[in-house]
Amino acid sequence: MTVGIPIRRLWPEPSTEPLDDAALTALYGRADQPRLRVNFVASLDGAVTVDGYSAGLSGEPDKRVFGMLRMLCDALVVAAGTLRHEGYRAVRLSENRRAWRRANGLAAYPTLVVVSGSLGLDPAQAAFADAPVRPIVLTHSDAEPPPGLTDVADLLRCGTGRVDLAAGLAELHGRGLTQVLCEGGPHLLGALTAADLVDELCLTVAPLLAGPGAGRITAGDASAPRHLPLRHVLAADDGVLMLRHARP
């Protein structure tokens, strides 16, 4: 996507020139080492949903960066609850983005990785049944898959009684999936934060006061604060801010 609502850089090096896809790709990029990037959208008052869904916070500029982050990753990680609630479809990319991946030595599509402790998943959901690349389900040794799940996905068992996220991430790296993008949900972000696994957070701030009721982008047990320095601030002409925070 190269047209639509312009996105400009506010910091560092402010520029009035709209960013094309090549410039956005360079700003977000791929790292030289394994990286776990998390992408979320939130309202001004911290809500992660409107009327129960994240779509109410996301506009054209956010969707543009959302698609670009998928283009850049090797694996797309999502919690099973988010997959079900948001009605995830198969992870597909436009021809232009597939061409970029092929030109940069990547598979045409990233691999979907679903994190599930209970394996309460529907093999008929399009995210599995229509996937262009066989998905991976990250679970633990005690979980029993429903009928048909192993026909459409590979099970990666890490941990006993609960999913060991650090071990699972290491297994993904061992399979060559080193650039990992997590799209939530809040409990998964909370667990990744507690395990000190988050290298980068890309946060879109929608110019909207959602009011009370919705949760935050993170949930779960309390954990130690983690410092993530600011790397860039982008602004779209519709008032949306896009923040990128990352470890050194």
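Rules of the game
- Residues numbered from 1 in each chain as written.
- Predicted model: local features only at pLDDT ≥ 70, side-chain atom pairs only at ≥ 80, totals over all residues.
- Heavy atoms only, no water.
- Helix = DSSP H or I, 4+ residues; strand = E, 2+ residues; numbered from the N terminus.
- Rg over C-alpha atoms; globule rule 2.2 N^0.38 Å.
- Buried < 20%, exposed > 50% of the residue type's maximum accessible area, 1.4 Å probe, protein only.
- Contact = heavy atoms within 4.5 Å.
- Areas by Shrake-Rupley, 256 points an atom, 1.4 Å probe, with all protein chains shown as cover.
- Salt bridge = Lys/Arg side-chain N within 4 Å of Asp/Glu carboxyl O.
- Core = buried A, V, L, I, M, F, W, Y, C linked by side-chain atoms within 4.5 Å.

**Considering the overall build of the protein**
In terms of helices and strands, the protein carries eight helices and 10 strands. On C-alpha atoms alone, the protein measures out to a radius of gyration of 18 Å, which is about the 18 Å that the 2.2 N^0.38 rule sets for 248 residues. Considered along the principal axes of its C-alpha atoms, the protein spans approximately 55 × 45 × 35 Å. Counting over 248 residues, the protein shows a buried share of 46%. When contacts within the protein are restricted to residue pairs at least 6 apart in sequence, those whose partners lie at least 24 apart make up 68%. Total accessible area computed for the protein in this model is approximately 11,600 Å², and 54% of it derives from carbon and sulfur atoms.

**Focus: the pattern of salt bridges**
When charged atoms on two side chains of opposite charge get close, those side chains can pair. Applying the stated criterion to the full structure yields 15 salt bridges. Across the pair D237 and R8 runs a salt bridge, and its minimum N-O distance is 2.9 Å. Of this pair, D237 sits in the loop between β9 (230-236) and β10 (241-246) while R8 sits in strand β1 (residues 7-11), and the two are 229 residues apart along the sequence. Note on D237: relative accessible area 47%, which makes it partly exposed. Classification of R8 as partly exposed rests on a relative accessible area of 23%. Measuring nitrogen to oxygen at the nearest pair gives 2.9 Å for the salt bridge that ties E183 to R70. Of the two residues, E183 is situated in the loop between β7 (179-182) and α8 (186-194) and R70 in helix α2 (residues 60-72); the sequence distance between them amounts to 113 residues. Taking the relative accessible area as the measure of exposure, E183 reaches 8% and is therefore buried. R70 gets classed as buried once you look at its relative accessible area, which sits at 12%. One connected set of salt bridges, linked through shared partners, spans R35, R37, E200 and R244.

**A word on the nonpolar core**
Counting 33 residues, the largest nonpolar core has Y28, L83, V114 and L121 as the members making the most contacts within it. Among the elements of the structure, α1 (21-28), α2, β3 (75-79), α3 (80-85), β4 (111-115), α5 (126-129) and β9 are those that each provide at least two residues to this core. With five residues, α2 is the single largest residue contributor to this core.

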